[in-house]
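Summary of structural features
Residue-level listing of the chains:
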Amino acid sequence: MRHLLLCALAALALAGCASQSSLPTTHKVLASSTKDAYAAANLISAYRASRGLSAVTVDSRLNEAAEHQARVVAGAGKLSHGDFSGRMDEFGIRGYSAENLSAGGENLEGIIVRWKNSSGHNSNLLMPQARKIGFARANSDGGYGSYWALVLGQ
């Protein structure tokens, strides 16, 4: 129950994110990748350490969940967490978890800065229970072009 409550609160805290559970595909997804996951983990770990929190490591299941959602939002051309709790169950992710999404931008560092400057997204970056992350980027032929997803978990 606590997991579901945290997931619901995290989803609500993220400004500018839609709440629909399924998104129609309006754009072609050109590519997706989790190649920046280790760089993201290093940047997020350094930020967390500066706040007295533990480092995070890359987790393959979280990477899969992040890449899935990056592709979904890239295809739709808009951000949505959809059924976050259901998706975490689908990927076998248990315990505390949260998700940050972003659209546009061309580099990892800029996306992390954007999340640091957004209170809801920053709360997720600094979630004390976070020990692992998954990170992905998907590119589409329309909308904002680049779509980013970060999933944090225990």
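Everything numeric in this text was worked out from a predicted model, so none of it was measured. (Residues numbered from 1 in each chain as written. Predicted model: local features only at pLDDT ≥ 70, side-chain atom pairs only at ≥ 80, totals over all residues. Heavy atoms only, no water.)

**Focus on the pairing of strand β4 (residues 132-140)**
Summarising burial for β4: 7 of the 9 residues are buried, a large majority. As defined by bridge partners, strand β1 (residues 29-33) adjoins β4 across 4 bridges and the pair is classed as antiparallel. By the bridge assignment, S33 is partnered in β4 with R137. Note that strand β2 (residues 57-58) and β4 share 2 bridges and pair parallel. From the neighbouring strand, T57 faces β4, where its bridge partner is K132. Here 8 bridges tie β4 to strand β5 (residues 146-153), and the two strands are oriented antiparallel to one another. Counterpart to N139 in the pairing with β5 is S146. Hairpin connection from β4 to β5: 5 residues lie between these consecutive antiparallel strands, with G143 at a positive phi of about 65°. (Buried < 20%, exposed > 50% of the residue type's maximum accessible area, 1.4 Å probe, protein only. Helix = DSSP H or I, 4+ residues; strand = E, 2+ residues; numbered from the N terminus. Pairing = 2+ DSSP bridges.)

**Focus: helix α3 (residues 60-76)**
Between its first and last C-alpha, α3 extends 24 Å over 17 residues, near the 24 Å set by a 1.5 Å rise per residue. Residues of α3 that are buried: L62, N63, A65, A66, Q69, A70, V73, A74, G75 and A76. Where α3 starts, the residue carrying a side-chain oxygen 3.0 Å from the main-chain nitrogen of R61 turns out to be D59. One or two residues past the end of α3 sits G77, with phi positive at roughly 75°. (Expected span 1.5 Å × (residues − 1). Polar contact = N/O pair within 3.5 Å; in protein donor to acceptor, adjacent residues only side chain to side chain.)

**Some thoughts on the confidence of the model for the chain**
Residue-level pLDDT values for the chain average 86, and 84% of them are 70 or greater. Confidence drops under pLDDT 50 across residues 1-21; counting only partners more than four residues distant or on other chains, this segment forms 34 contacts. (pLDDT = per-residue confidence, 0-100. Contact = heavy atoms within 4.5 Å.)

**Let's talk about the side chain of N100**
In this structure, N100 sits in strand β3 (residues 97-103). Here the side chain of N100 touches H121 through a polar contact of 3.2 Å, landing on its backbone oxygen.

**Focus on the pattern of salt bridges**
This structure, assessed with the given rule, holds 5 salt bridges. Close ionic contact of D36 with K35 constitutes a salt bridge, the shortest N to O distance being 3.6 Å. Between R94 and D89 there is a salt bridge, with its nearest N and O atoms 3.5 Å apart. (Salt bridge = Lys/Arg side-chain N within 4 Å of Asp/Glu carboxyl O.)

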